Amino acid sequence: DAEITQSPRHKITETGRQVTLACHQTWNHNNMFWYRQDLGHGLRLIHYSYGVQDTNKGEVSDGYSVSRSNTEDLPLTLESAASSQTSVYFCASNAGGIQDEQYFGPGTRLTVT
Amino acid sequence: ELKVEQNPLFLSMQEGKNYTIYCNYSTTSDRLYWYRQDPGKSLESLFVLLSNGAVKQEGRLMASLDTKARLSTLHITAAVHDLSATYFCAVDRDDKIIFGKGTRLHILP
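So, how was this worked out
Residues numbered from 1 in each chain as written. Chains lettered and ligands numbered in written order. Predicted model: local features only at pLDDT ≥ 70, side-chain atom pairs only at ≥ 80, totals over all residues. Heavy atoms only, no water. Salt bridge = Lys/Arg side-chain N within 4 Å of Asp/Glu carboxyl O. Buried < 20%, exposed > 50% of the residue type's maximum accessible area, 1.4 Å probe, protein only. Disulfide = S-S within 2.5 Å. Helix = DSSP H or I, 4+ residues; strand = E, 2+ residues; numbered from the N terminus. Contact = heavy atoms within 4.5 Å. Buried area = accessible area lost by both parts, 1.4 Å probe. Nonpolar A, V, L, I, M, F, W, Y, C, P; charged D, E, K, R; others polar. Pairing = 2+ DSSP bridges. Axes fitted to C-alpha atoms, helices over the stretch in contact; angles between N-to-C directions.

A. Examining the pattern of salt bridges more closely. Across all of its chains, the model carries five salt bridges over all chains by this definition. Here arginine 36 of chain A and aspartate 38 of chain A are joined by a salt bridge, their closest N and O atoms 2.8 Å apart. Assigned by exposure class, arginine 36 of chain A and aspartate 38 of chain A land together as buried. Linking aspartate 38 of chain B and arginine 36 of chain B is a salt bridge whose minimum nitrogen-to-oxygen distance equals 2.9 Å. Residue class for aspartate 38 of chain B comes out partly exposed when judged on its relative accessible area of 26%.

Now the structure itself:
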(Lines give C-alpha, C1' and ligand atoms only; values in the text may rest on other atoms or scores of the structure.)
Protein backbone atom coordinates (compact mmCIF):
# COMPACT_ATOMS: atom_id res chain seq x y z
CA ASP A 1 0.00 0.00 0.00
CA ALA A 2 1.14 3.55 -0.71
CA GLU A 3 2.14 5.55 2.31
CA ILE A 4 3.95 8.61 3.60
CA THR A 5 6.63 8.14 6.26
CA GLN A 6 8.68 10.49 8.37
CA SER A 7 11.93 9.97 10.23
CA PRO A 8 12.97 10.26 12.90
CA ARG A 9 9.73 10.17 14.88
CA HIS A 10 11.39 11.88 17.84
CA LYS A 11 14.50 14.04 17.92
CA ILE A 12 16.26 16.04 20.60
CA THR A 13 18.94 18.44 19.47
CA GLU A 14 20.89 21.39 20.78
CA THR A 15 20.54 25.03 19.84
CA GLY A 16 22.65 25.91 16.83
CA ARG A 17 22.85 22.40 15.36
CA GLN A 18 21.73 21.60 11.85
CA VAL A 19 18.88 19.10 11.75
CA THR A 20 17.25 17.35 8.81
CA LEU A 21 13.83 15.71 8.99
CA ALA A 22 13.03 13.17 6.31
CA CYS A 23 9.74 12.71 4.47
CA HIS A 24 9.18 9.91 1.97
CA GLN A 25 5.98 9.15 0.06
CA THR A 26 5.16 6.25 -2.23
CA TRP A 27 1.94 7.76 -3.63
CA ASN A 28 3.86 9.25 -6.58
CA HIS A 29 2.32 12.61 -5.67
CA ASN A 30 3.58 15.79 -7.28
CA ASN A 31 2.82 18.03 -4.30
CA MET A 32 4.51 17.78 -0.93
CA PHE A 33 4.17 20.01 2.14
CA TRP A 34 5.79 20.59 5.50
CA TYR A 35 3.78 21.92 8.45
CA ARG A 36 4.55 22.59 12.06
CA GLN A 37 1.94 22.17 14.76
CA ASP A 38 2.01 24.19 17.96
CA LEU A 39 -0.63 24.64 20.64
CA GLY A 40 -2.83 27.61 19.84
CA HIS A 41 -1.62 27.87 16.25
CA GLY A 42 -3.00 24.83 14.52
CA LEU A 43 -0.88 23.75 11.55
CA ARG A 44 1.27 26.33 9.81
CA LEU A 45 2.77 25.82 6.38
CA ILE A 46 6.57 25.95 6.28
CA HIS A 47 7.50 25.00 2.72
CA TYR A 48 5.88 23.22 -0.17
CA SER A 49 6.83 21.73 -3.51
CA TYR A 50 4.83 21.15 -6.69
CA GLY A 51 7.39 18.83 -8.24
CA VAL A 52 11.04 17.97 -8.67
CA GLN A 53 13.31 21.02 -8.37
CA ASP A 54 10.36 23.18 -7.29
CA THR A 55 10.20 24.65 -3.77
CA ASN A 56 8.13 27.49 -2.29
CA LYS A 57 8.01 29.33 1.01
CA GLY A 58 4.99 29.05 3.25
CA GLU A 59 3.77 31.12 6.21
CA VAL A 60 6.67 30.37 8.56
CA SER A 61 9.69 29.55 6.39
CA ASP A 62 12.41 31.53 8.20
CA GLY A 63 15.12 29.20 9.52
CA TYR A 64 13.99 26.27 7.37
CA SER A 65 14.93 25.01 3.92
CA VAL A 66 13.82 22.17 1.63
CA SER A 67 15.05 20.60 -1.56
CA ARG A 68 13.26 18.29 -4.00
CA SER A 69 15.59 16.09 -6.03
CA ASN A 70 13.05 13.34 -6.72
CA THR A 71 9.31 12.78 -6.54
CA GLU A 72 9.34 10.69 -3.37
CA ASP A 73 11.32 12.82 -0.91
CA LEU A 74 11.15 16.32 0.58
CA PRO A 75 13.66 16.67 3.44
CA LEU A 76 13.25 19.63 5.78
CA THR A 77 16.46 21.21 7.13
CA LEU A 78 16.76 23.47 10.12
CA GLU A 79 19.96 25.34 9.37
CA SER A 80 20.68 26.37 12.97
CA ALA A 81 18.10 24.99 15.36
CA ALA A 82 16.47 27.41 17.80
CA SER A 83 14.30 26.71 20.84
CA SER A 84 11.40 28.39 19.02
CA GLN A 85 11.54 25.52 16.52
CA THR A 86 10.54 22.97 19.14
CA SER A 87 7.37 21.59 17.63
CA VAL A 88 5.68 18.65 15.97
CA TYR A 89 6.39 18.55 12.25
CA PHE A 90 4.06 16.96 9.73
CA CYS A 91 4.76 16.14 6.13
CA ALA A 92 1.89 15.78 3.67
CA SER A 93 1.37 15.09 0.00
CA ASN A 94 -1.31 15.17 -2.66
CA ALA A 95 -1.55 14.72 -6.39
CA GLY A 96 -3.01 18.19 -6.88
CA GLY A 97 -6.00 17.15 -8.93
CA ILE A 98 -9.63 17.98 -8.33
CA GLN A 99 -11.24 16.31 -5.30
CA ASP A 100 -7.80 15.31 -4.15
CA GLU A 101 -7.26 15.05 -0.42
CA GLN A 102 -3.98 15.57 1.37
CA TYR A 103 -2.32 12.60 3.07
CA PHE A 104 -0.32 13.18 6.22
CA GLY A 105 2.70 11.44 7.66
CA PRO A 106 2.81 10.34 11.31
CA GLY A 107 4.75 13.41 12.46
CA THR A 108 8.16 14.14 14.00
CA ARG A 109 8.40 15.57 17.49
CA LEU A 110 11.45 17.84 17.62
CA THR A 111 12.83 19.29 20.83
CA VAL A 112 15.57 21.92 20.71
CA THR A 113 17.35 22.37 24.04
CA GLU B 1 -3.50 36.67 2.09
CA LEU B 2 -5.60 33.62 2.77
CA LYS B 3 -6.77 33.34 6.39
CA VAL B 4 -8.89 30.61 7.93
CA GLU B 5 -10.81 31.04 11.18
CA GLN B 6 -12.61 28.37 13.11
CA ASN B 7 -15.00 28.72 15.96
CA PRO B 8 -15.41 27.68 18.58
CA LEU B 9 -11.84 26.68 19.42
CA PHE B 10 -12.99 24.49 22.26
CA LEU B 11 -16.30 22.74 22.72
CA SER B 12 -17.48 20.52 25.51
CA MET B 13 -20.81 18.85 24.95
CA GLN B 14 -22.99 16.05 26.22
CA GLU B 15 -23.53 12.83 24.35
CA GLY B 16 -26.69 12.88 22.29
CA LYS B 17 -26.59 16.61 21.56
CA ASN B 18 -26.16 18.33 18.21
CA TYR B 19 -23.65 21.03 17.48
CA THR B 20 -21.94 22.90 14.65
CA ILE B 21 -18.36 23.98 14.07
CA TYR B 22 -17.85 26.97 11.79
CA CYS B 23 -15.01 27.69 9.38
CA ASN B 24 -14.66 31.09 7.72
CA TYR B 25 -12.04 31.95 5.14
CA SER B 26 -10.91 35.24 3.68
CA THR B 27 -10.49 34.71 -0.09
CA THR B 28 -11.85 32.52 -2.82
CA SER B 29 -10.64 28.95 -2.70
CA ASP B 30 -10.41 25.84 -4.84
CA ARG B 31 -11.22 23.27 -2.16
CA LEU B 32 -12.11 23.05 1.49
CA TYR B 33 -11.06 20.15 3.70
CA TRP B 34 -12.10 18.86 7.08
CA TYR B 35 -9.69 16.74 9.12
CA ARG B 36 -9.81 14.94 12.41
CA GLN B 37 -6.84 14.60 14.77
CA ASP B 38 -6.75 12.36 17.85
CA PRO B 39 -4.29 13.26 20.62
CA GLY B 40 -0.72 12.37 19.68
CA LYS B 41 -1.77 11.20 16.23
CA SER B 42 -1.61 12.45 12.68
CA LEU B 43 -4.45 14.01 10.71
CA GLU B 44 -7.17 11.94 9.12
CA SER B 45 -9.08 13.30 6.15
CA LEU B 46 -12.87 13.52 6.66
CA PHE B 47 -14.29 15.53 3.76
CA VAL B 48 -13.24 17.42 0.66
CA LEU B 49 -15.73 20.05 -0.52
CA LEU B 50 -15.44 21.64 -3.92
CA SER B 51 -18.43 23.62 -4.99
CA ASN B 52 -21.01 25.99 -3.58
CA GLY B 53 -23.76 24.10 -1.83
CA ALA B 54 -21.71 20.92 -1.53
CA VAL B 55 -22.81 18.70 1.33
CA LYS B 56 -21.12 15.49 2.45
CA GLN B 57 -22.09 13.18 5.26
CA GLU B 58 -20.46 10.27 6.99
CA GLY B 59 -22.05 8.79 10.04
CA ARG B 60 -22.86 11.53 12.55
CA LEU B 61 -20.80 14.16 10.74
CA MET B 62 -22.05 16.38 7.95
CA ALA B 63 -20.03 19.09 6.21
CA SER B 64 -21.35 21.84 3.97
CA LEU B 65 -19.86 24.65 1.95
CA ASP B 66 -21.18 28.12 1.06
CA THR B 67 -18.58 29.70 -1.22
CA LYS B 68 -20.45 33.00 -1.46
CA ALA B 69 -20.33 33.45 2.30
CA ARG B 70 -16.86 31.82 2.45
CA LEU B 71 -18.20 29.56 5.16
CA SER B 72 -18.11 25.86 5.83
CA THR B 73 -19.83 24.06 8.66
CA LEU B 74 -19.24 20.69 10.29
CA HIS B 75 -22.41 19.50 11.97
CA ILE B 76 -22.38 16.79 14.60
CA THR B 77 -25.61 14.90 15.14
CA ALA B 78 -26.33 13.03 18.38
CA ALA B 79 -22.72 13.18 19.51
CA VAL B 80 -21.01 10.10 20.93
CA HIS B 81 -17.84 9.94 23.02
CA ASP B 82 -15.84 8.44 20.13
CA LEU B 83 -16.13 11.73 18.25
CA SER B 84 -13.96 13.48 20.83
CA ALA B 85 -10.99 14.86 18.86
CA THR B 86 -9.65 18.05 17.35
CA TYR B 87 -11.25 19.03 14.04
CA PHE B 88 -9.48 21.20 11.52
CA CYS B 89 -10.73 22.90 8.42
CA ALA B 90 -8.26 23.83 5.71
CA VAL B 91 -8.61 25.86 2.55
CA ASP B 92 -6.78 25.18 -0.69
CA ARG B 93 -5.98 27.93 -3.11
CA ASP B 94 -3.61 27.15 -6.01
CA ASP B 95 -2.53 23.98 -4.16
CA LYS B 96 -1.40 25.98 -1.15
CA ILE B 97 -3.31 24.64 1.84
CA ILE B 98 -3.87 26.83 4.91
CA PHE B 99 -5.34 25.45 8.15
CA GLY B 100 -7.56 26.90 10.81
CA LYS B 101 -6.44 26.63 14.44
CA GLY B 102 -8.70 23.67 15.08
CA THR B 103 -11.69 22.99 17.30
CA ARG B 104 -11.04 20.74 20.24
CA LEU B 105 -14.20 18.76 20.82
CA HIS B 106 -14.77 17.00 24.13
CA ILE B 107 -17.89 14.87 24.39
CA LEU B 108 -18.94 13.93 27.88
CA PRO B 109 -20.41 10.46 28.35
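B. Up close: the state of the cysteines. Residues and elements named next belong to chain A. A full pass over the atoms with the stated rule returns two disulfides over all chains. Linked covalently through their sulfurs, cysteine 23 and cysteine 91 form a disulfide whose S-S length is 1.8 Å. Every disulfide takes its handedness from the sign of the S-S torsion; for cysteine 23 and cysteine 91 that torsion is -70°, giving left-handed. One end of the pair, cysteine 23, is in strand S3 (residues 19-25); the other, cysteine 91, is in strand S9 (residues 87-94), with 68 residues separating them in the sequence. Exposure remark for cysteine 91: the relative accessible area of 0% places this residue in the buried category.

C. Structural detail: the interface of chain B and chain A. In this assembly, 20 residues from chain B lie in contact with 24 residues from chain A. Taken together, the two surfaces of chain B and chain A that pack against each other cover about 1,800 Å², and 53% of this comes from carbon and sulfur. Sorting the residues of the side of chain B that touches chain A by element identifies strand S4 (31-37), strand S5 (43-49) and strand S10 (96-99) of chain B as the ones contributing at least two each. Of the residues belonging to the side of chain B that touches chain A, the class tally is nine nonpolar, four polar and seven charged.

D. Spotlight on the sheet that holds strand S7 (residues 64-66) of chain A. Residue and element names in this part refer to chain A. Overall, antiparallel pairing links the four strands, which are arranged S1-S3-S8-S7 in an open sheet. Here the strands that pair on one side only, and so sit at the sheet edges, are strand S1 (4-7) and S7. Neighbour-to-neighbour, the strand axes of the sheet open up by a mean angle of 20°, direction not taken into account. In terms of strand pairing, S3 meets strand S8 (residues 76-78) through three bridges, oriented antiparallel. By the bridge assignment, valine 19 is partnered in S8 with leucine 78.

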